[in-house]
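The primary structure of each chain is shown beneath.
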Amino acid sequence: MKNITTIAIKEFKSYLSSPMAYVVSGIFLALTGFFFSISSATYFETSIRGFLGIGSILLLLLAAVLTMRLLAEERKLGTLELLLTAPLRDSEIILGKFFGSLGILAAMLVLTFYYPILLLIFGDPDIGPIITGYIGLLLLGCTALAVGLFASSLTSNQIVAAVVAGGILGALWFAGSAAGLLPTALAEIFNYLSLSTHFPDFMTGIIDTRSIIYYLSITALFLFLATRSLENSRWN
Amino acid sequence: MIRVENLTKYYGKRLAVDNISFNVEKGEIVGLLGPNAAGKTTTMRMITGFLAPSQGNIWVSDYDIRNHSLEARQLIGYLPEAVPLYTDMTVTSYLDFLARIRKVDKNTIKSRIEEVINICHLEEYANSIIGKLSKGYRQRVGVAQAIIHKPKVLILDEPTIGIDPLQVAMTRQLIRELGKESTVILSTHILPEVSMLCERVIIINEGKIIAEDRIEHLSSLISGSKRIRLEVEGPSKEVTDRLSRIKGILKVSYENHHYIIECPPQQDPRAKIMETMVQNGWTLLSLESIDMSLEDIFLKLTTEEEPGE
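Residues numbered from 1 in each chain as written. Chains lettered and ligands numbered in written order. Predicted model: local features only at pLDDT ≥ 70, side-chain atom pairs only at ≥ 80, totals over all residues. Heavy atoms only, no water.

**Let's talk about helix 9 (residues 158–178) of chain A**
Residue and element names in this part refer to chain A.
Then comes step 1: Compared with an ideal rise of 1.5 Å per residue, which puts 21 residues at 30 Å, helix 9 spans 29 Å between its outermost C-alpha atoms and is within 8% of the ideal.
Then comes step 2: Maximum bend of helix 9: about 30°, positioned at Leu-172.
Then comes step 3: Inspection of helix 9 places Ala-161, Ala-162, Ala-165, Leu-169, Leu-172, Trp-173, Ala-175 and Gly-176 among the buried residues, and these make up the whole buried set.
Then comes step 4: Of the surrounding secondary structure, the elements contacted by the buried residues of helix 9 are helix 3 (49–67), helix 8 (127–153), helix 10 (184–193) and helix 12 (209–232).
Then comes step 5: Sitting at the head of helix 9, Asn-157 places a side-chain oxygen 2.9 Å from the backbone nitrogen of Ile-159. (Helix = DSSP H or I, 4+ residues; strand = E, 2+ residues; numbered from the N terminus. Expected span 1.5 Å × (residues − 1). Bend = angle between axes of the 7 residues up to and from the residue. Buried < 20%, exposed > 50% of the residue type's maximum accessible area, 1.4 Å probe, protein only. Contact = heavy atoms within 4.5 Å. Polar contact = N/O pair within 3.5 Å; in protein donor to acceptor, adjacent residues only side chain to side chain.)

Spelled out as structure tokens, the structure:
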């Protein structure tokens, strides 16, 4: 546990000392802010649905960008040799990096709290969907970060890592759309596997344990794959 | 302290390390000597746990790297050939991170960092960003990280490569100091470095150990004969003939307008060579004794006879 914290803190700090995290947060805030104000102004809604809709998709893209360096850069700089020869478990390295990037993502979400705060000041919003919306974003974010970390473990090229992560996330997101073309049994599987089919519930204030389990298990799966991929580099 | 048994490593189908075994006793400084791609780095990477062996096992103190990898790694300080540095961190924060992941006691981390910064003469740069340091200083930061947790075993892969001569001398001095408290394995392809630092040498070629001996024995092997190179203006055949008649000269060969003379190490035939030249009216353009190069040793070891047991 101590090792995971040490690595997570180091990753979090190194995000703060490079421009990447600021650029990513800036884009996230600018775009979600735009859609939040459009939806509030156009539909006179006191909800954050406009923010959640665009935020969920943006989160996938930005997670791929945030995580691309986590292991690919270590491989390229040779610092992976430090981590893999230190008395650390491979899983501790992966979890440390995961939580480090999750810290940045969480901080990014906290910065958007001013949307609901504005609503609270100028209106009377339904608190439920706001809270579940944020829970949904955080869970979706965890999944996207885990996928990105896995992609980063495969290569020493950050761009390749980002593209692979984007590809996997895109496939998972749109798997639901492909369901319409498939026979019923397959369609249900695709629907269940899709990142996008589980998100709308959170936007409307519903917390479905199946969705929580879904996001957490996909996260765990990719963290496991990332650990195996790291282990595998010892054998080559 | 370190026991390597039947270690073998394949990269895909390519055999990089071929069934090697050796021991390193506590407190020894051992040199792994060999040309590029001989398997030195691969061997070190397996000892440090960065690579898993295809076959065989390694014990560091009482821990084998297959079943007690974490305990074994805890005992080792490792400086890879390409110094692994987080270039966006300061020297102090980098050392702090490494001290933590190598389980240095929390209360002593601060004082230990100061200590290694002093040992490696990095005082001025303690708060500099590593990416802005020159190559020699980066090397020192690399050494500093390797010793931060007071490891019982130090593994140094080509520790003096690519830095200027003054830094090389300092690094060697440092290694000698560290060798008083730790067991050291260092790899190099620089022969004099081995004789300067190491008590024992393991020579590796093409993944196999071709010789393993104490340094005194190796140097007698090296200086089994002394060699002198001459450049002479004169008829080559006659010159060769007259030179080989001088007492104490074992062999004369002529190549690329130079004569290579071999003689027993205790003999010094240079005065006699001069005399011969003068007597025959030939002009001696140059005369120098040449050290046996690593390549010569390899040739000697691999072609002449089976390496001595």
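**A closer look at the side chain of Ser182(B)**
Residue and element names in this part refer to chain B.
Then comes step 1: By the secondary structure assignment, Ser-182 is in the loop between helix 6 (165–178) and strand 8 (183–188).
Then comes step 2: Taking the relative accessible area as the measure of exposure, Ser-182 reaches 8% and is therefore buried.
Then comes step 3: A polar atom in the side chain of Ser-182 sits 3.3 Å from the backbone oxygen of Pro-151.
Then comes step 4: When neighbours within four sequence positions are excluded, Ser-182 is seen to be in contact with Gly-27, Glu-28, Pro-151 and Lys-152.

**Describing the interface of chain B and chain A**
Then comes step 1: On the chain A side, the residues contacting the 27 residues of chain B number 24 residues.
Then comes step 2: Taken together, the two surfaces of chain B and chain A that pack against each other cover about 2,400 Å², and 63% of this comes from carbon and sulfur.
Then comes step 3: Scanning the region where chain B abuts chain A turns up 1 salt bridge.
Then comes step 4: Here Arg45(B) and Glu81(A) are joined by a salt bridge, their closest N and O atoms 3.0 Å apart.
Then comes step 5: For the interface between chain B and chain A, the tally reads 9 residue pairs in polar contact (both at pLDDT 80 or more).
Then comes step 6: Of all elements in the fold, only strand 1 (2–11), helix 2 (69–74) and helix 3 (91–101) of chain B reach the threshold of two or more residues within the side of chain B that touches chain A.
Then comes step 7: Take the side of chain B that touches chain A: its biggest share by element is 5 residues, from helix 3 of chain B.
Then comes step 8: Counted by class, the side of chain B that touches chain A contains 16 nonpolar, 4 polar and 7 charged residues. (Buried area = accessible area lost by both parts, 1.4 Å probe. Salt bridge = Lys/Arg side-chain N within 4 Å of Asp/Glu carboxyl O. Nonpolar A, V, L, I, M, F, W, Y, C, P; charged D, E, K, R; others polar.)

**Thoughts on the domain arrangement of chain B**
Then comes step 1: As far as domains go, chain B holds domain 1 (1–75 + 151–223), domain 2 (82–149) and domain 3 (225–291).
Then comes step 2: Its C-alpha centre places domain 1 of chain B at a distance of 39 Å from the equivalent point of domain 3 of chain B. (Domains from an automatic or database assignment.)

**Some thoughts on unusual backbone geometry**
Then comes step 1: The residue Asn19(B) is not glycine, and still its phi comes out positive at about 50°.
Then comes step 2: Tracing the chain through its elements places Asn19(B) in strand 2 (residues 14–24).

**Side note on the packing of helix 8 of chain A against helix 12 of chain A**
Residues and elements named next belong to chain A.
Then comes step 1: Packing of helix 8 against helix 12 leaves a shortest axis separation of 8 Å and a crossing angle of 15°. For the element pair helix 8 / helix 12, the angle class is roughly parallel. You can see that helix 8 and helix 12 cross each other, and the crossing is left-handed. Between helix 8 and helix 12, the residues in contact are Leu-139, Leu-140, Cys-142, Thr-143, Ala-146, Val-147, Leu-149, Phe-150 and Ser-153 and Ile-212, Tyr-215, Leu-216, Ile-218, Thr-219, Phe-222, Leu-223, Leu-225, Ala-226 and Ser-229, respectively.
Then comes step 2: Class assignment for the residues of the contact of helix 8 with helix 12 results in 15 nonpolar, 4 polar and no charged. (Axes fitted to C-alpha atoms, helices over the stretch in contact; angles between N-to-C directions. Parallel < 35°, antiparallel > 145°, perpendicular 65-115°, else oblique. Left-handed = near helix turned anticlockwise from the far one by under 90°.)

**Focus on the sheet that holds strand 1 of chain B**
Hydrogen bonds along the backbone pair up the strands of a sheet, which may run parallel or antiparallel.
All names here are of chain B.
Then comes step 1: Judged by pairing direction, the sheet is antiparallel, and its 4 strands sit side by side in the order 2-1-4-5 without closing on themselves. Each having just a single partner strand, strand 2 and strand 5 (63–64) make up the two edges of the open sheet.
Then comes step 2: In terms of strand pairing, strand 1 meets strand 4 (residues 55–60) through 5 bridges, oriented antiparallel. From the neighbouring strand, Glu-5 faces strand 4, where its bridge partner is Asn-57. (Pairing = 2+ DSSP bridges.)

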